[in-house]
Amino acid sequence: MRFLIIGAGALGGYYGGMLLKGGADVTFLVRPRRAAQLAERGLTIKTPEGGYATAVRIVQSGAVGGPYDVVFLACKAYGLEGAIDDFAPVLAADGVVLPVLNGINHIAVLSNRLGAGRVLGGAVVFLVTVTPEGDIVVPSHGTGQTSFGVLDGEPSVRCDEIRAAFAAGGVPATISSNIVAEMWVKFCGMGASSAVAVVTRARAGLVAAVPAGAASVAAAFEECARVTAAEGYPPSAGIRDIVLRMWSQSGSDYCPSLLHDIENGRPTEGEHIIGDLVRRADRRGVEVPILRAALCSLQIYESRRSTAA
């Protein structure tokens, strides 16, 4: 199989690098700044167990090569349409797209553009960051879960091949027969964590240290759970436990990627996570005051960022 990794940021860099470590044929589609960084330094992945460094094959928009059997889609949600324009012409006739984006709407967008039969579902539950120098860092936070599968739950030889490629690089992955429900579970947990981070503008350790912290996290999760349940996907007790535990650890510097983006003055996926939850809540008649306050804060941030630019 030939893999095309869309983006060599945190998730794209990690999964693409580990696929390379296992001997897979991997190409990265990146922006010019990241292309220069990778050409000069290569790709370095740092984990609690050690490190891995490798040279990588890179392409840029307009000269993507191909065809590719698997497109691993790890761009930001706001970059989805542009990414599809780049890779759709070079996706093999029997190729598939494996997205690991935050949110849930990207599945409908991809299915409408490519056909549902060419789109897999993917859910990644753990934190990976990228340093200013471009190194990929896997801290000890999170559960390190990687799940993917066919949207209708049917068995797939292609999924078996992808799982084998991940395993060869040291990435345990699960083929799910209910991947859409798993994506909704992640959406609920990500929404809650993102809302807490946006409202408090604080890392988990600071939230855990104040008297109102635990109750605020629980309330944010319950709002998200009511929304996803109204959409037909009530979350499991397990994801609630994960979210509450992540935000209850004294001294922890954990925060979701959305807060990393705010801290660094970058655009956010807020409309695709918190905004989507609020709009779904409005359609379903669900009250979500914490989510709405978080969305207001995000919109103010984006407005200020645009004005400053």
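Heads up: the structure comes first, above all this text.
Residues numbered from 1 in each chain as written. Predicted model: local features only at pLDDT ≥ 70, side-chain atom pairs only at ≥ 80, totals over all residues. Heavy atoms only, no water.

**Concerning the overall build of the protein**
For clarity, the threshold we go by: In this text, helices come from DSSP runs of H or I with a minimum length of four residues, and strands from runs of E with a minimum of two, each type numbered from the N-terminal end. Only heavy atoms matter for contacts: two residues are in contact if any of them lie within 4.5 Å across the pair. Residue burial considers only the protein chains on display, and all accessible areas are found by Shrake-Rupley using a 1.4 Å probe. Asp and Glu count as negative and Lys and Arg as positive, but His and the ends of the chain are not part of the count. Think of each charge as sitting on NZ of Lys, CZ of Arg, CG of Asp or CD of Glu.
Along its length, the protein carries twelve helices and twelve strands. For the protein, contacts bridging at least 24 residues in sequence account for 71% of all contacts bridging at least 6. Carbon and sulfur atoms make up 54% of the accessible area of the protein, which totals about 13,300 Å². Separation of charge centres in the protein, based on 27 positive and 28 negative side chains, amounts to 4 Å.

**Observations concerning the state of the cysteines**
This is how it is decided: To count as a disulfide, a pair of cysteine sulfur atoms needs to be within 2.5 Å. Burial here depends on accessible area, computed with a 1.4 Å probe over protein chains only, as a share of the maximum for the residue type. Under 20% is buried, over 50% is exposed, and the range in between is partly exposed.
For the structure shown, the criterion picks out zero disulfides. You can see C296 has no disulfide; the closest cysteine sulfur is in C224, sitting 17 Å from it. Under the relative-accessibility criterion, C296 is labelled partly exposed at 41%.

**Thoughts on the side chain of E223**
Rules: Here a salt bridge means any side-chain nitrogen of Lys or Arg lying within 4 Å of a carboxyl oxygen belonging to Asp or Glu.
Relative to the assigned elements, E223 resides in helix 8 (residues 213-230). Comment: no salt bridge for buried E223; closest opposite-charge side chain is R226, at 4.6 Å. Apart from residues no more than four positions distant in its own chain, E223 is found in contact with E287, V288, P289, I290 and L291.

**Let's talk about the packing of helix 8 against helix 11 (residues 270-284)**
Heads up, the rule is: To get an axis, fit a line to the C-alpha atoms, keeping to the stretch in contact for a helix; angles then go from 0 to 180 degrees between the N-to-C directions. Any angle that is under 35 degrees is reported as roughly parallel, and any over 145 degrees as roughly antiparallel; angles of 65 to 115 degrees are reported as roughly perpendicular and all others as oblique. With the far helix as reference, a near helix turned anticlockwise by less than a right angle produces a left-handed crossing, and one turned clockwise produces a right-handed crossing. Three categories are distinguished: nonpolar for Ala, Val, Leu, Ile, Met, Phe, Trp, Tyr, Cys and Pro, charged for Asp, Glu, Lys and Arg, and polar for the others, with Gly belonging to the last.
Where helix 8 meets helix 11, the axes come as close as 9 Å, and the angle between the chain directions of the two elements is 60°. Of the possible angle classes, the one that applies to helix 8 and helix 11 is oblique. Along this stretch, helix 8 crosses helix 11, giving a crossing that reads as left-handed. Along its contact with helix 8, which presents C224, V227, T228 and A230, the element helix 11 presents L277, R280, A281 and R284. Within the contact of helix 8 with helix 11, the residues separate by chemical class into five nonpolar, one polar and two charged.

**What about the sheet that holds strand 12 (residues 174-175)?**
Heads up, the condition is: Note on pairing: DSSP must find at least two bridges between two strands before they are called paired.
Read from one edge of the open sheet, three strands run 8-11-12, paired in mixed fashion. The two strands at the open ends of the sheet, each matched to only one other strand, are strand 8 (120-125) and strand 12. Looking at chain direction, strand 8 and strand 11 (residues 145-150) are connected through six bridges and run antiparallel. Each bridged residue has a counterpart across the sheet, and for G122 the counterpart in strand 11 is F148. In the packing of helix 6 (residues 179-200) onto the sheet, contacts are made with strand 8 and strand 11, and the angle to strand 8 comes to roughly 35°.

**Some words on the sheet that holds strand 9 (residues 129-130)**
Strand order in the open sheet made by the four strands is 4-3-10-9, with mixed pairing throughout. Both outer strands of the open sheet, strand 4 (50-54) and strand 9, are each paired with one neighbouring strand and no more. Strand contacts of helix 1 (residues 10-21): strand 3 (43-47), strand 4, strand 9 and strand 10 (136-137), with the helix running at about 95° to strand 3, the strand carrying the most contacts.

**Thoughts on the packing of aromatic side chains**
Just so we agree on the cut-off: Centres within 6.5 Å are what make two rings of Phe, Tyr or Trp a pair, Trp counting through its six-membered ring; a difference in plane orientation under 30 degrees is then read as stacked, over 60 as edge-to-face, and the rest as tilted.
This structure, assessed with the given rule, holds eight aromatic pairs. Seen from their ring centres, Y15 and F166 are 5.6 Å apart, and the 65° between their planes marks the pair as edge-to-face. Of the two residues, Y15 is situated in helix 1 and F166 in helix 5 (residues 157-168); the sequence distance between them amounts to 151 residues. Given a relative accessible area of 2%, F166 falls into the buried group. With a centroid separation of 6.0 Å and an interplanar angle of 75°, the aromatic rings of F148 and F166 are classed as edge-to-face. Of this pair, F148 sits in strand 11 while F166 sits in helix 5, and the two are 18 residues apart along the sequence. Like F166, F148 is buried. An aromatic cluster is built from Y14, Y15, F72, F148 and F166, whose rings are joined through pairwise contacts.

**A word on the packing of helix 3 (residues 80-87) against helix 4 (residues 106-114)**
Two elements in contact, helix 3 and helix 4, have axes whose closest approach is 11 Å; the angle formed by their N-to-C orientations is 30°. When the axes of helix 3 and helix 4 are compared, the pair comes out roughly parallel. Between helix 3 and helix 4 lies a crossing whose hand is right-handed. Contacts between helix 3 and helix 4 pair L80, E81, I84, D85 and F87 from the former with H106, V109, L110, R113 and L114 from the latter. Classifying every residue of the contact of helix 3 with helix 4 by side-chain character gives six nonpolar, one polar and three charged.

**Details of helix 5**
Here is the rule we go by: One less than the number of residues in a helix, times 1.5 Å, gives the span that helix is expected to have. As used here, the arc is the angular range of directions from the helix axis to the C-beta atoms. In protein, a polar contact means a hydrogen-donor-capable atom and an acceptor-capable atom, both N or O and within 3.5 Å, with residues adjacent in sequence counting only if both atoms are side-chain atoms; elsewhere, any N or O pair within 3.5 Å suffices.
Its twelve residues place the ends of helix 5 17 Å apart at the C-alpha level, agreeing with the 16 Å of an ideal helix rising 1.5 Å per residue. All of the buried residues in helix 5 are R158, C159, I162, A165 and F166. Down the axis of helix 5, the smallest arc covering the buried residues is 120°, so these residues share one side. Of the exposed residues in helix 5, the ones pointing more than 90 degrees away from its buried face are V157 and A167. The opening residue of helix 5, the one whose side-chain oxygen lies 3.3 Å from the backbone nitrogen of R158, is S156. Among the residues trailing helix 5, G170 stands out with phi positive, at a value near 90°.

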